[in-house]
Structure formats: structure tokens, C-alpha cells
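# Inside the fold
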Amino acid sequence: MPPAADGLEVQLAVSRGNGTERFSLDVSFQVPPGITILFGPSGTGKSTTLQAIAGLLRPERGRIAFGGETWFDGERGYERPTRLRGIAYLFQGLALFPHLTAIGNVCYGISRTQPRADRHARALALLDRLGVAHLARRRPRTYSGGEAQRVALARALAMEPRVLLLDEPFSALDRDLRAQLSADVRALVSERQLPTLQVTHHVGEARSMGDWVLRMSAGRIVETGTPAILDGPD
Amino acid sequence: MTWDPLWLSYKVAFIATLIALVLGVGLATLLARPRLPGRELIDAVLTVPLVLPPTVIGFYLLTALGKHSFLGSRFQDIFDVRLLFSFRGCVIASSVAALPMVVKSARVAIEDVDATLVQAARTLGAGPVRIFWTVTLPLAARGIMAGVILGFARALGEFGVTLMVAGDIPGETQTATLYIYDQIMAEGDDSAYGMIAVLTVTALGVLWAVNHLNRRRGSAAGR
């Protein structure tokens, strides 16, 4: 894997629980522009890793940095607030705001220094790009699974993120939708040269989406390489 | 026959509910923070007026805010008006009655807001204040409203504490509940019956509104 000059450097340890329920996570990796897959069975610490990168959870030790900017430094006890990290996070449950329309959801992340009309126009353009402009004035309750996913993706990208985190982004979708959306995500990521970390436990998704794969097991990264490491008898 | 006591009751209940709304939502926001030290103790102190006898609450308020108390005498020095045995006394008594209803409902409503929505707002660049106004408050609004309406009903029905800290001064602190009591005890004229009817209708309306809000809240819990 190439060094991440304009990417994300992650080194973190988290441990929780006690006795039989003990959980420990200790990983170190880089996320260059393009899609890096965090692959492994559920309960192995993939989502916890994403949360720590986003600053939604504080690791016990480690260091997280983006480019020259430190996001977390366990030794100095420094933690950059989530809102200043510029992270687009596609949550597993999507976390669309139920009380806002698609436009409202997408505009939420766009800097409010821009005039309202500009923000609306940009939100609408992104919704259109993802094929869901017809939902602009509707609220999430009325969306289908694929539509909700697209609105959430539009919202994530509207803020012009520096890093994209995807937590099992397609798990609720059927195969056709999954194929369509993964193609869209790949295109959006590559045109922005966006360092992207995608969590999945789905081999097919890891193979078709990933530029790089980090295979995790029991809180450790056990193998790294191209998606070819997932080929084989399993 | 006079409707003044009823008018006074609504005025007192309205102001008391506003006070309870602002204080109650603020306190509930604090109480909803899992890492707030001593939060169950604070919750208990705020809720105890629901179960304390009104005369006991009245005693505490007289002790804390009376003419010779620290707070009461300061207030009188600064504003040159008395805090108790006046319209303000009625408002204080009713606020104390309404506050626990608002705090309880608001805390549950705020804690019910999906934590991932708050996290999503943080990743989208929102700070705590913006998150409160744009995510937490709108999503908790229904539950808060239910508490506010119940609080209004409690404020309107306040009797014992009002009697102790505001007295029963006709034209000044004689609210509808006190007036009804006086009229019935004195076997006075029939003018209390009108107020009894209006208060009954208000109570039924409150129940209807709260049930309506709770039902809508259940069905609105979508994605």
C-alpha cells in the first residue's frame, strides 16, 4: 500500500467490557485516496474503528491524522472535535433527519456562510446526480430503501468532505440496487480523489468496490493488500 | 357574578407554564446528559413536588422566599414589591406545580431522540447549540408539548400551595380554584358553577390533546 501523503493515518486502541465480554481493538493503517475496505465478520471492531476516526468515540491510545492535521493524539490528550474533521459518514441505519425534507437533509452539512439559494441549488444538483431529485420536498418516511441510501449519500458528499466513511452502506439493499449504487459511489469517490474507508462483511462487495483491503479479525488487522487477498477457497 | 378569578387563573397558569417550559426544557437537556454528576439526585429534587403535600411545599416556599428570608428580602429591596401574597406568589406556586410535568416529559422525549441522528449532525459540522435547535428540539417537540399541556392543567388546578404562599385575596390572588372553594363553603351564589364547568371542559380538552400527541408520536417514529 502506498504512503498516504494526502490520506488518513490511523493508529488506535480501544478496549471495553470486562471478564468474558472483553473486547479489544488495536489497529494501525492508512487510507489513501480511493476505496479502502475494512473487511471482517461482525463484532470484530470495524464500526468502532469508524467511530473513533470520526471522533464519536475516544480511543484509549493512538494517533489519528489527516494530511498534516492531527485529529487525535492519545499521548497529548488532544482530540479534534468531530464537526471540524470534515468527515462524511454514511451510517449503517443512514440516520437521515426524519423531520427534514431531502433538500433539508442535504443542506444540513453545507456551510452556512453560503447564501441559502446557493445551498439549495447545490443540494438539488447532488440529488439530481444521484437520481433522486424528485424526493427534494419529501421526508424520509416516504423513501424506498434505495432512495434513502441515495439521499444519505448526497448529504454525505454535499459538505465537501475530506474523508468518506461508509458503514455497511448497502446491507439493506437487493443485488441490483447494490450493483447500481456501488458503481455510483465508485464514480463519485474517484472523481473527488476522496480517501474512503468502507466497512463490510460481504466478500462480493469488498471485491467489487475495494482498491485496497484490510482484513480484520478479533480487533486486529490480520492481512492487507489488494482485493485479490480475498480470492481463494473461502 | 364575576369571572375575574377564572381570568386570573388562566393568566397565572399561562405565565407559569411559560416559565416551566423554559426552565423545564433547559433542566431536561442537562438531565439527558449521561455523564452529568448527580443527575438522579437533581431529577429527584425536581420531581418531588409531585408527591409532597402542598402544605409542605408551601412551607418550603415561605421559608425560602418570605419577607424575612434572604431571597425574599433581597427581592423586595431591589424591586420594591413583595414576592409572596401577590400575583407573583400565584405564579410561583403554579410554576412549582407545572415544572415536574415538563421536566419529566421533556427528559424522556430528549433521551428518545436517536443518538445516531445527533452523531450524524456532528459529522455534518454542527456544534451542540445548533444540534439542540435543529435536531433534538424538533424531534422531542411532541413529547415536550404533552408535558407542557399537562403542566398547564396542573398550574390551572393549583390550590394548596397558592393558598399558603399567595393567600386568598379577592381581586389579587383569588384564583378560580380558591373562589370555587370559598363559594361552596359559604353556600354563596351559583356563580361557582360556571367556573366548575369551564375547568372541567379544559381538563377534558387537555386529556384529549395529550392522548392525541402521544398517538401521533408513536406513529411518526419512522426512519
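Residues numbered from 1 in each chain as written. Chains lettered and ligands numbered in written order. Predicted model: local features only at pLDDT ≥ 70, side-chain atom pairs only at ≥ 80, totals over all residues.

### Digging into the overall build of chain A
Helix and strand content of chain A: 6 helices and 11 strands. Its C-alpha atoms give chain A a radius of gyration of 18 Å, within 12% of the compact-globule value 17 Å for 234 residues. Along the first, second and third principal axes, the C-alpha atoms of chain A reach 50 × 45 × 35 Å. The burial tally for chain A puts 42% of its 234 residues in the buried class. Considering only intrachain contacts with a sequence separation of at least 6, the fraction spanning at least 24 residues in chain A is 66%. (Helix = DSSP H or I, 4+ residues; strand = E, 2+ residues; numbered from the N terminus. Rg over C-alpha atoms; globule rule 2.2 N^0.38 Å. Buried ≥ 20, exposed ≤ 12 C-beta atoms within 10 Å, placed from the backbone. Contact = placed C-beta atoms within 7 Å.)

### Considerations on the packing of helix α3 (residues 116-129) of chain A against helix α4 (residues 145-158) of chain A
Residue and element names in this part refer to chain A. For the pair α3 and α4, the least separation of the axes is 9 Å and the interaxial angle reads 135°. Accordingly, the angle class assigned to the pair α3 and α4 is oblique. Along this stretch, α3 crosses α4, giving a crossing that reads as right-handed. Each of Arg122, Ala123, Leu126 and Leu127 in α3 lies in contact with α4, whose residues at this interface are Val151, Ala154, Leu157 and Ala158. Tallied by class, residues from the contact of α3 with α4 come to 7 nonpolar, no polar and 1 charged. (Axes fitted to C-alpha atoms, helices over the stretch in contact; angles between N-to-C directions. Parallel < 35°, antiparallel > 145°, perpendicular 65-115°, else oblique. Left-handed = near helix turned anticlockwise from the far one by under 90°. Nonpolar A, V, L, I, M, F, W, Y, C, P; charged D, E, K, R; others polar.)

### Examining the packing of helix α6 (residues 115-123) of chain B against helix α7 (residues 128-157) of chain B
All names here are of chain B. Contact geometry for α6 and α7: axes closest at 10 Å, N-to-C directions at 140°. Taken together, α6 and α7 sit at an angle that is classed as oblique. Once α6 is placed against α7, the crossing between them reads as right-handed. Listed contacts from α7 to Leu117, Val118, Ala121 and Arg122 of α6 are Ile131, Val135 and Thr136. Here the residues of the contact of α6 with α7 are counted per class, giving 5 nonpolar, 1 polar and 1 charged.

### Quick look at helix α1 (residues 46-54) of chain A
Residue and element names in this part refer to chain A. When you tally the buried positions in α1, you get 8 out of 9 residues, the bulk of the element. Every buried residue of α1 is listed here: Lys46, Thr48, Thr49, Leu50, Gln51, Ala52, Ile53 and Ala54. After α1 finishes, the residue Gly55 shows a positive phi value of roughly 85°.

### A look at the interface of chain B and chain A
Taken together, the 15 residues of chain B in the interface contact 20 residues of chain A. Mapped by element, the contributors of at least two residues to the side of chain B that touches chain A are α6 and α7 of chain B. Element by element, the count of residues in the side of chain B that touches chain A is highest for α6 of chain B, at 6 residues.

### Structural notes on the nonpolar core
Across soluble globular proteins, nonpolar side chains show a tendency to be buried alongside one another. By size, the foremost hydrophobic cluster in this structure holds 124 residues, and its most contacted members are Leu127, Val151 and Leu165 of chain A. It is helix α5 (residues 87-112) of chain B that contributes the most residues to this core, 14 residues altogether. Among all residues touching Val151 of chain A, those that are not within four sequence positions of it are Leu96, Ala102, Asn105, Leu127, Val132, Leu135 and Tyr143 of chain A. (Core = buried A, V, L, I, M, F, W, Y, C linked by C-beta atoms within 7 Å.)

### Focus: helix α3 (residues 54-65) of chain B
All names here are of chain B. In this model, α3 (12 residues) spans 16 Å end to end at C-alpha, consistent with the 16 Å of a helix rising 1.5 Å per residue. Those residues of α3 lying buried are Gly58, Leu61 and Leu65. Buried residues of α3, viewed axially, fall in a sector of 65°; they line one side. Exposed residues on α3 whose side chains face more than 90 degrees from its buried face are Thr55 and Thr63. (Expected span 1.5 Å × (residues − 1). Arc of directions from axis to C-beta.)

### A short note on the confidence of the model for chain A
Note that predicted coordinates carrying low pLDDT should not be read in detail. Looking at chain A, the pLDDT average stands at 90 and 95% of residues meet or exceed 70. Helix α2 (residues 102-107) of chain A holds the highest mean pLDDT among the elements of chain A, 96, whereas helix α5 (residues 175-192) of chain A holds the lowest, 88. (pLDDT = per-residue confidence, 0-100.)

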